[in-house]
Amino acid sequence: MNAMILGAVLNIVLDPIFIYTFKMGIAGAAWATILSLTVSSIMMLNWLFFRKDTFVSFDFKDFSFEKDIVNDIFRITIPASAQQLSMSLSMLILNLIIVNVSNTDGVAVYSTGWRVATIAIAPLIGIATAVVSVSGAAFGAKNFEKAKTAHTYAVKLGLLIEGGVAAFTFIFAPQIAAVFTQTGEAAHIAPDLIHFLRVICIFYPSVSFGMLSTSFFQGAGKGVSALTANLLRTIVFTPLFAAFFRLQSGYGSGRRLVGNCSRQCNRGRNNFCLGKALLKYDSKNRVPD
């Protein structure tokens, strides 16, 4: 955590120096990011491989591959990697749709608004990481009641947190949009960005179901189930909803996010129901995959 915080703060400090002071522009932003990540990596490598004063240390002297462990790792990581790839493709499809019906302003509204959304769901990412660990330990011990408790509690906590974030974003959407539209060139997209931020509020609570249930699948070793739900969302529901609401909601760039929010709600509900079904099945059979 210390290394990651240092890297983030260093990136914030170096960005204006490289971009404006050294007049490097976009290349300066790239170099600032690389240098910041390098500092964080050096710190972590020092802790793990040289000082070795962490709870877990690495020693490759007697290391050897074990087929069963490698298979378990790939059974989770390959579907998880495919999920990330599908989400990147989904973003590409959405950008193509926006460019097709709007212009660079539409892309600017979507990109800027989605950055705010990424910050808003950051607490869920932390909870999701914990769900993977707790549910994995519970399934390994065949303690299905604990797995059920972890899943349900995480979703409730996520709903509570994101409900508060949604309310805050809805109320202060004009002030948030003002941060990104201070220049004269960007001022004209402020109304659409405000609309975007208020519509996307629907997404924050609903994503708790989907994200935390997906983490639950991964912890239970059901990476393929998580991938299937994600592919339905990104490959099927995203283009359909985006195209549908493009036709139904007019051509204002902010309005197209209604489709994005709707399919996210649908994905979250489906993942949550699949998680409950998985618990019911494994509790009955007592032999988790």
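A.B. asks: Just give me the short version of the overall build of the chain, but keep the residues and values in it.
C.D. replies: Regarding its fold elements, the chain presents eleven helices and zero strands. In the chain, the order of α-helices and β-strands from amino to carboxyl end is α-α-α-α-α-α-α-α-α-α-α. Of all 289 residues assigned to the chain, the portion counted as buried reaches 37%. Here the analysis covers contacts within the chain between residues at least 6 apart in sequence; of these, 76% occur between residues at least 24 apart. Approximately 16500 Å² of the chain is accessible, and the part contributed by carbon and sulfur atoms is 69%.

A.B. asks: Describe the pattern of salt bridges, with residues and values.
C.D. replies: Summed over all chains, the structure comprises one salt bridge. Two residues, Asp72 and Arg75, come together in a salt bridge whose shortest N-O distance is 3.3 Å. Of this pair, Asp72 and Arg75 both sit in helix H3 (residues 67-101), three residues apart, which is roughly one turn of the helix.

A.B. asks: Just give me the short version of the environment of Asn95, but keep the residues and values in it.
C.D. replies: Residue placement: Asn95 occurs in helix H3. Among the residues examined, Asn95 registers a relative accessible area of 22% and is labelled partly exposed. In contact with Asn95, not counting residues within four places along its chain, are Val107 and Tyr110.

A.B. asks: Describe in detail a nonpolar patch on the surface, supporting the description with residues and values.
C.D. replies: A contiguous nonpolar surface patch, about 870 Å² in accessible area, is contributed by Met1, Ile5, Val9, Val13, Ile17, Phe22, Met24, Trp31 and Ile34. Looking at the nonpolar patch, the elements with two or more residues in it are helix H1 (2-21) and helix H2 (25-51).

A.B. asks: Summarise the side chain of Ser36; cite the residues concerned and give the values.
C.D. replies: Here Ser36 shows up in helix H2. Taking the relative accessible area as the measure of exposure, Ser36 reaches 2% and is therefore buried. Filtering out sequence-adjacent residues up to four positions away, Ser36 remains in contact with Gly7, Leu10, Asn11 and Leu14.

A.B. asks: Tell me about the environment of Ser40, residues and numbers included.
C.D. replies: Tracing the chain through its elements places Ser40 in helix H2. Note on Ser40: relative accessible area 7%, which makes it buried. Sequence spacing of Ser40 and Ala8 is 32 residues, and the spatial spacing of their C-alpha atoms is 8.9 Å. In terms of polar contacts, Ser40 uses its side chain to reach the backbone carbonyl oxygen of Ala3, at 2.8 Å.

Rules of the game
Residues numbered from 1 in each chain as written. Predicted model: local features only at pLDDT ≥ 70, side-chain atom pairs only at ≥ 80, totals over all residues. Heavy atoms only, no water. Helix = DSSP H or I, 4+ residues; strand = E, 2+ residues; numbered from the N terminus. Buried < 20%, exposed > 50% of the residue type's maximum accessible area, 1.4 Å probe, protein only. Contact = heavy atoms within 4.5 Å. Areas by Shrake-Rupley, 256 points an atom, 1.4 Å probe, with all protein chains shown as cover. Salt bridge = Lys/Arg side-chain N within 4 Å of Asp/Glu carboxyl O. Patch = residues over 30% accessible without salt bridge, like charges linked within 9 Å, V, L, I, M, F, W, Y side chains within 5 Å. Polar contact = N/O pair within 3.5 Å; in protein donor to acceptor, adjacent residues only side chain to side chain.

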